[in-house]
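For reference, the chains in residue letters:
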Amino acid sequence: MARRMNGRRGYDRNIIAGVVAGLVGGLAGTWTMSQFQAMWSKASGDHHPDAASAAGRHDARDWQERIEGANANELAADAIARRTIDRRLTREELEKAAPALHYAFGAAMGAIYGGLREVSPAVRGMGGSGWGTTVWAAADGLAVPMLGLSRPKTDYPLETHAQSYAAHLVFGVTTEVVRRGVRALVD
């Protein structure tokens, strides 16, 4: 059942509305995160537009590309293409596929957050910053290296970890703020 009462001042839990609100929040969070990472790179003097990835200004992992010469969004998009269309993507295709994959992942993480927030007091308690930390630890810290989309995290300098963590906090907080606004519209 998508709707039921939880007994708190008539708050109506609606998992579908939560998922939709979270999805919208996740898209906004992904965009804001990408902008934040670009600003960090420029402020730290590590932004090199000539050596930019295929995704250009839409790339959220330019820090990884500077260190490794590749980034997880492009590697994942290319791996999906090799398994589905039996070939590598061209640079022009990567320009679209890498950011699309990043936004799809962010939207999915937002949708999961929005749905869980409707039913889980623990998720409600962690808020956006807690969710951003969870995504950073689980996805960036564990899944990306385990899937071979990056080097082990021990290979990165502290500043890189700080940038990635801060960007995921921005993702989580933005996701929550937008989710809350969209969810209020549904009520």
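These lines cover the structure that appears in this document, whether it is placed above or below. Sequence order as written defines residue numbering, which begins from 1 separately in each chain. Local features in a predicted model are, by the rule used here, given only for residues with pLDDT of at least 70; side-chain atom pairs are given and counted only at 80 or more, and totals for whole chains, interfaces and linings are based on all residues. Values shown for side chains rest on all heavy atoms present in the structure; no hydrogens or waters enter the calculation.

**Comments concerning the overall build of the protein chain**
Alright, step 1. Secondary structure elements follow DSSP: runs of H or I of four or more residues count as helices, runs of E of two or more count as strands, with numbering from the N terminus. Within the protein chain one finds six helices and two strands.
Alright, step 2. Moving toward the C terminus, one meets the helices and strands of the protein chain in the order β-β-α-α-α-α-α-α.
Alright, step 3. Burial here depends on accessible area, computed with a 1.4 Å probe over protein chains only, as a share of the maximum for the residue type. Under 20% is buried, over 50% is exposed, and the range in between is partly exposed. For the protein chain, with 187 residues in total, the buried portion stands at 43%.
Alright, step 4. Taking contacts inside the protein chain between residues at least 6 apart in sequence as the whole, the part at least 24 apart equals 68%.
Alright, step 5. For the protein chain, the exposed area adds up to about 9800 Å²; of that, 65% sits on carbon and sulfur atoms. A contact between two residues is defined here by any heavy atoms of the two lying within 4.5 Å. In short, Shrake-Rupley with a 1.4 Å probe defines the accessible areas, and a residue's cover is counted only from the protein chains shown.

**What to know about unusual backbone geometry**
Most of the time, phi is negative for any residue but glycine, and the peptide bond is trans.
Alright, step 1. A positive phi angle, near 60°, is found at Asp 86, a position not held by glycine.
Alright, step 2. Its place among the elements puts Asp 86 in the loop between helix H3 (72–84) and helix H4 (91–119).

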